[in-house]
Amino acid sequence: MSTCFLLKPTLCLKGKGNVIRCPSNAVDKQWKTMRGGRVMNRKEIGVGLLGFGTIGSGVVKSLQDHGDLIESRTGLRLVLRRIADIDGERDRGVRLAPGLLTHDAASVVNSPDVDLVIELIGGVGAAKDLMVQALSLGKPVITANKALLAEHGEEIFRLAEDHQANVFFEASVGGGIPLIRSLREGLVSNRIQRIYGILNGTCNYILTRMEQDRISFDKALKDAQKAGFAEVEPALDIDGIDTAHKAVILASLAYGFHVPMKAVAVEGIRGFNAIDISYALDLGYRIKMLAVIKEINGEVEIRVHPTLIPMNHILSSVHGIFNAVLIEGDSVGDMLCYGQGAGRDPTASAVLSDVVDAARDLTSHVLRRAPGFILHNHAGRIREIGASKVRYYLRLTLLDKPGVFGQIGAVLGRHGISIASLLQKEVQAGKQVPVIVITHLGHEQAFREAMEEIDALNIVGAKTVRFRIEDF
Ligand code: HSE
């Protein structure tokens, strides 16, 4: 900290960058920041945008359409000062003042008339360098970049702390849903016990179409791509990585320590077989791609996988591209957030809510009004996935002959796993037959060992398909 003599300050802080903010009550409705030795009195906030793709153009459009509304609500005029993108030609359907768009992203960050930076480039290369640069200058950063936060969040948030800047990331999880804000502010007094999230619109769309239209995984994926919901290269979504990135952000925020990506047990929906959707329905469950985050005896369990959800649970009614997150806090109890988890306008809505927050921090002379992402739980621990207690849906492929169930039951029993229900539809004797087993709770490790033994039996015709069940 250093002393500051401007404007009768009540508190003066000097960051490691060249930003000094001097809170003062001297002037109503105006704000004063000394940046690089310059003192400014104004309520205009200069915005720099990095990335002019789908979301970036949505942000520009929304600023144009809703700038007056934001000003009437907050007294802040958000002025888009510069935009950087490698493509300077493409028509994005929004009109820009001449000279606004540049190829030089660093110049946007460095520009003295840019007070805050929106990073919508994506990826962990240039986006990270530019974010580091902005934070080092003490400029707040607003980002939708879940991969960057999940993989380098620890470094980014520490840098932000060091430079007394703030990182806002509402758009990184749940698209337009004010989810980060709910966790950060609305639930600040709660110990978070559990979070269940349908966090990937592409997976949810695919599973919904497979169930409702009885189509294959490949056809549902193609339709999602045609409709613009799925990427041409869909691996991040269908292999569960996107959901895992989001789960890491939620878990880190909820529990106050950096939860690394490698802590997440991830299974995707690539090649999902429609027969399991149909069996699950017969048994009263719907299958959803779910992030499960739980605190158990001081340890955080985090996993992402297709999951059977009881049909009467509210999350089973979340269809198509919609996302929903159920948060259980010790004071608030259960709380559900629901909305569009992707798309240009919903995501732009989240980005602009952060821009307003960052701007209000600047104009109200505080470093952080809302609780920031601060690593405070230094003793935070991850629970080994093998220690999770889970229930399973198993689809065994068995020879239809005497004694087969006995052998399966014996292996499960030896591993302490009890059968809750069994389903076998009548087929011609002697053929291989799918047998569905729903188990009671058991340890994940016990299931792994039991399945290895079962799949090695000569009465088993194919690798057993298994999905976890959540009873909430
Ligand atoms: N690809 C994501 C989804 C949206 O399908 O939900 C961006 O996070």
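Here the structure is shown first, and the text comes after it.
Predicted model, so just to flag it, every value in this text is computed and none were measured.

Asks: How do you make sense of the site of the ligand when you look at a structure like this?
Replies: Near the ligand the following residues occur: Lys146, Asn200, Gly201, Thr202, Asp237, Asp242, Lys246 and Ala342. Between the ligand and lysine 246 there is a distance of 2.8 Å, counted from an oxygen atom to a side-chain nitrogen or oxygen. Here the ligand loses 83% of its free accessible area of 260 Å² to cover by the protein chains. Judged by the proximity of its atoms to the pocket grid, the ligand belongs to the largest pocket. Within the residue set of the shell around the ligand, elements represented by two or more residues are helix H6 (201–213) and helix H9 (241–255).

Asks: I would appreciate a short explanation of the packing of aromatic side chains in the present structure.
Replies: Remark: the centre distance and the inter-plane angle together describe each pair of aromatic rings, the angle taken between the planes. This model, assessed by the stated rule, comprises eight aromatic pairs. Between phenylalanine 157 and phenylalanine 169, the ring centres sit 5.4 Å apart and the planes meet at 65°, which makes this aromatic pair edge-to-face. A residue pair is termed long-range when its members are at least 10 positions apart, and phenylalanine 157 in helix H4 (residues 146–162) and phenylalanine 169 in the loop between strand S10 (167–168) and helix H5 (179–186) qualify at 12 residues. Relative accessible area serves as the criterion here: at 2%, phenylalanine 169 is assigned to the buried category. Taking 4.6 Å as the distance between ring centres and 55° as the angle between the ring planes, the aromatic pair formed by tyrosine 392 and phenylalanine 447 counts as tilted. Of this pair, tyrosine 392 sits in strand S18 (residues 389–399) while phenylalanine 447 sits in helix H13 (residues 444–455), placing them 55 residues apart in sequence. Note on accessibility: tyrosine 392 and phenylalanine 447 belong to one class, buried. Feature note: the residues Phe157, Phe169 and Phe373 constitute an aromatic cluster, connected by ring pairs.

Asks: Explain the pairing of strand S13 (residues 285–296) here, please?
Replies: In regular strands, side chains alternate between the two faces of the sheet. Of all 12 residues making up S13, 10 are buried, and the element is well covered by its neighbours. Across four bridges, strand S11 (residues 192–198) lies against S13 in antiparallel orientation. Along S13, the bridge assignment pairs arginine 194 with lysine 294. Bridging between S13 and strand S14 (residues 299–310) involves 12 bridges; their strand directions are antiparallel. Residue lysine 294 lies in a different strand from S14, and its bridge partner there is glutamate 301. Connecting S13 to the antiparallel partner S14 that follows it, the hairpin turn spans two residues, and asparagine 297 within it adopts a positive phi of roughly 50°.

Calculation rules
- Residues numbered from 1 in each chain as written.
- Predicted model: local features only at pLDDT ≥ 70, side-chain atom pairs only at ≥ 80, totals over all residues.
- Heavy atoms only, no water.
- Near = heavy atom within 4 Å.
- Polar contact = N/O pair within 3.5 Å; in protein donor to acceptor, adjacent residues only side chain to side chain.
- Areas by Shrake-Rupley, 256 points an atom, 1.4 Å probe, with all protein chains shown as cover.
- 1 Å grid on protein atoms, 1.4 Å probe; cavity = no way out; pocket = protein on both sides within 12 Å on 5 of 7 lines; lining within 4 Å.
- Sits in = over half its atoms within 2 Å of the grid points.
- Helix = DSSP H or I, 4+ residues; strand = E, 2+ residues; numbered from the N terminus.
- Phe/Tyr/Trp six-rings, centres within 6.5 Å; stacked < 30°, edge-to-face > 60°.
- Buried < 20%, exposed > 50% of the residue type's maximum accessible area, 1.4 Å probe, protein only.
- Pairing = 2+ DSSP bridges.

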